Amino acid sequence: MESLWRQQTKEIQGNLKRLNKKPDRITWDVIVIGAGMAGMLTAFYLKESGKKVLVLEAKTIGSGQTERTTAKITSQHGIKYSTLIKNVGMENARGYAMANEKAIREYARLIKGRDIACDFEWKNSYLYSLRENNNLEEERKAALSVGIDVVSGGGGELPFPIKDSIGFPGQAQFSPLKFLKSIAAELSVIEHCRVLEIKEHVVFTERKVFTAETIVVATHYPIMDMPGYYFLRQHQERSYVLALSGCKKVDGMYYGVDRDGLSFRQAGEYLLLSGGVHRTGESVKNCGYGYLEKMAQQYYPDSRIEARWAAQDCMPHDGIPFIGKYSVFTPDIYVITGFQKWGMTMSMVAALILRDEICGEENPYGKVFSPQRLHVRAGFTNLMKDVFTSMKGIIKGNISEKPQCAHMGCELIWNEEENSWDCPCHGSRFTKDGEILDNPAVKEIEE
Ligand SMILES: Cc1cc2nc3c(=O)[nH]c(=O)nc-3n(C[C@H](O)[C@H](O)[C@H](O)COP(=O)(O)OP(=O)(O)OC[C@H]3O[C@@H](n4cnc5c(N)ncnc54)[C@H](O)[C@@H]3O)c2cc1C
């Protein structure tokens, strides 16, 4: 089923009319791979800074995770700041907070300055818990200590009594594809052009070969395993969204911090209810659409499901996205990944950092998100879990009858709810006929 955003915005076009069949003789200043929110915003700011930019997209503009988001623009990312302070220190936590706060203001400036009709609205964003034992008090103090305003109240409009909540004022929500449609009109984008390989300044695609001074890999999950080794540094989680009609409207944006917590926001006449999180490729018992539908029935018995969709995101071990040089061995290749389901705000953070770095300026937050950082202690347990899952998947892949992932040969798991083959190791997904739905795979499953 199409997401609400796709129902609202069917087609998005760049300004490149058609792809010339001849070999590409231009050396672009920058080639951005991936036309999701991250790639498009990065291309937009680089172009604004005078660079000659081309975007290469495997499918169509915005057709990745970006069209299946809930599109809150916020620096409130769950129990984030108390965790970051503990794991990576106050300076990094403050940098993370300020970069996100700046990104919210930059969206507002851009949308107002260009009069982009994308249903942008200022909102308070709330974390809430239904349980007595929660981490909200600690998070409240942490948020204040990294420089974010906190408000109390909120939650009275939710369909259940809550124990506590904390609100961040000055956050926002919008319609992501309406926004993308507007900025895409100024960008050169080649759609249906999957990148297969990158060698220094050369980009090999299914259709032809391109060259650029600088390359940005904004494919959600990076497509090159080595160097960079992102497959060892993060895994993917899926979550689900229902657009409900016939519910009491909510004004705030809400995120439940309990393990089975639900997220809420209003989008016009529809209430967006999301949650049901699980690692991609793992059994979807008590999560997925089934869980969300049960919750919708319980809390809004008179509601109707008007649309439903699912998406996934990359979860880095230390809780910080990777934005910057792909590796120390590839000085002209950059990467954007690891958004942990906060890629609307983080795409703007990434675009501003990469604009500065590619244009030779220092960005005050570059170091916080640098892929070359080393937070061994913070990420160690998660690293071990992911290595174990991958080893298990690869061994099973070699002995099982089930199809193997085209990425590293892990055993694929059949996802009943979404009719897809999903990889529990790194999160690639395929249709029942073997076509790629989600990265990191760049090849289809072979018979
Ligand atoms: C259920 C859910 C709700 C969410 N809600 C929020 C929210 O409220 N607020 C928030 O901030 N974030 C949210 N997120 C996260 C956010 O949606 C994502 O982080 C964000 O959309 C990622 O954008 P992206 O550009 O990195 O990836 P994508 O949108 O996936 O873009 C990557 C693009 O690269 C293309 N591509 C892939 N491989 C290749 C290749 N080999 N060659 C060429 N192109 C390629 C893909 O086709 C795709 O178009 C949510 C996530 C989920 C799962």
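As shown above, the structure is provided for reference.
Caption draft 1: Summary view of the sheet that holds strand S17 (residues 413-415). Taken in spatial order, the four strands make up an open sheet running S17-S18-S19-S20, and their pairing is antiparallel. Two strands lie at the open edges of the sheet, namely S17 and strand S20 (436-438), each paired on one side alone. Here two bridges tie strand S19 (residues 429-430) to S20, and the two strands are oriented antiparallel to one another. Its bridge partner lying in S20, Phe430 is registered against Ile436.

Caption draft 2: Layout of a negative patch on the surface. Negative charge collects at one region of the surface, where Glu206, Asp433, Glu435 and Glu444 lie side by side. Looking at where Glu206 falls in the secondary structure, it is placed in the loop between strand S8 (202-205) and strand S9 (209-217).

Caption draft 3: Region of the structure containing the pattern of salt bridges. For the structure shown, the criterion picks out 27 salt bridges. Here Arg140 and Asp164 are joined by a salt bridge, their closest N and O atoms 3.2 Å apart. Residue Arg140 is found in helix H5 (residues 136-145), and its partner Asp164 is found in strand S5 (residues 164-173); the two are separated by 24 residues along the sequence. Asp422 serves as the salt-bridge partner of Arg429, at 3.2 Å between the closest nitrogen and oxygen. Each of the two residues, Arg429 as well as Asp422, counts as buried. Residues joined by salt bridges that share partners form a network here, namely Arg238, Glu418, Asp422, Arg429 and Asp438.

Caption draft 4: Region of interest: helix H4 (residues 90-113). Here H4 is 24 residues long and its end C-alpha atoms lie 34 Å apart, about the 34 Å a rise of 1.5 Å per residue gives. Directly beyond the C-terminal end of H4, a positive phi value near 55° is found at Asp115.

Caption draft 5: Main features of unusual backbone geometry. Omega for the peptide link from Met226 to Pro227 comes to -5°, which places this bond in the cis form. If you trace the backbone, Pro227 turns up in the loop between S9 and strand S10 (234-245). A cis geometry characterises the amide bond from Asn439 onward to Pro440, with omega recorded as 10°. Tracing the backbone through its elements, the reader meets Pro440 in the segment after S20. One non-glycine residue with positive phi stands out, namely Asp115, at about 55°.

Caption draft 6: Representation of the pairing of strand S4 (residues 121-129). Where S4 and S5 come together, eight bridges link them in antiparallel fashion. The partner of Tyr126 across the bridge, within S5, is Gly167. As judged from the four bridges shared by S4 and strand S11 (residues 253-256), these two strands associate in the parallel manner. Across the sheet, residue Ser125 finds its bridge partner in S11, namely Met253.

Caption draft 7: Structural context of the pairing of S9. In the sheet, strand S1 (residues 27-33) pairs with S9 via six bridges, with the strands oriented parallel. Pairing of Thr27 across the sheet is with Thr211, part of S9. Summarising the sheet, S8 and S9 pair through three bridges and their orientation is antiparallel. Of the residues in S9, the one forming a bridge with Val203 is Phe210. The antiparallel hairpin formed by S8 and S9 contains three residues in its connecting segment. The pairing of S9 with strand S16 (residues 333-337) spans three bridges and is parallel. Following the sheet pairing, Val216 is matched in S16 by Tyr334.

Caption draft 8: Inspection of a nonpolar patch on the surface at higher detail. On the surface, Leu374, Val376, Phe380 and Met384 cluster together to form a nonpolar patch covering roughly 430 Å² of accessible area. One can find Phe380 in helix H10 (residues 376-399). Under the relative-accessibility criterion, Phe380 is labelled partly exposed at 43%.

Caption draft 9: View of the site of the ligand. In the vicinity of the ligand there are 36 residues, among which Glu57, Thr66, Thr70, Asp313 and Met344 approach most closely. With respect to the ligand, the backbone of Ala58 contributes an N or O atom lying 3.0 Å from a nitrogen atom. For the ligand, an oxygen atom lies 3.3 Å from a polar atom in the backbone of Trp342. Calculation on the ligand without its partners gives an accessible area of 1000 Å², and the protein chains cover 96% of this total. Of the residues belonging to the shell around the ligand, the class tally is 17 nonpolar, 14 polar and five charged.

Caption draft 10: Structural detail: the packing of helix H3 (residues 81-88) against H5. At their nearest, the axes of H3 and H5 sit 7 Å apart, and the two run at 70° to each other. The angle between the axes of H3 and H5 places the two elements in the roughly perpendicular class. Residues Tyr81, Ser82, Ile85 and Lys86 of H3 pack against Glu138, Glu139, Ala142, Ala143 and Ser145 of H5. A per-class count over the contact of H3 with H5 returns four nonpolar, two polar and three charged.

Reading guide: rules and limits
- Residues numbered from 1 in each chain as written.
- Predicted model: local features only at pLDDT ≥ 70, side-chain atom pairs only at ≥ 80, totals over all residues.
- Heavy atoms only, no water.
- Pairing = 2+ DSSP bridges.
- Helix = DSSP H or I, 4+ residues; strand = E, 2+ residues; numbered from the N terminus.
- Patch = residues over 30% accessible without salt bridge, like charges linked within 9 Å, V, L, I, M, F, W, Y side chains within 5 Å.
- Areas by Shrake-Rupley, 256 points an atom, 1.4 Å probe, with all protein chains shown as cover.
- Salt bridge = Lys/Arg side-chain N within 4 Å of Asp/Glu carboxyl O.
- Lys, Arg positive; Asp, Glu negative; His and termini not counted.
- Charge placed at Lys NZ, Arg CZ, Asp CG, Glu CD.
- Buried < 20%, exposed > 50% of the residue type's maximum accessible area, 1.4 Å probe, protein only.
- Expected span 1.5 Å × (residues − 1).
- Near = heavy atom within 4 Å.
- Polar contact = N/O pair within 3.5 Å; in protein donor to acceptor, adjacent residues only side chain to side chain.
- Nonpolar A, V, L, I, M, F, W, Y, C, P; charged D, E, K, R; others polar.
- Axes fitted to C-alpha atoms, helices over the stretch in contact; angles between N-to-C directions.
- Parallel < 35°, antiparallel > 145°, perpendicular 65-115°, else oblique.
- Contact = heavy atoms within 4.5 Å.

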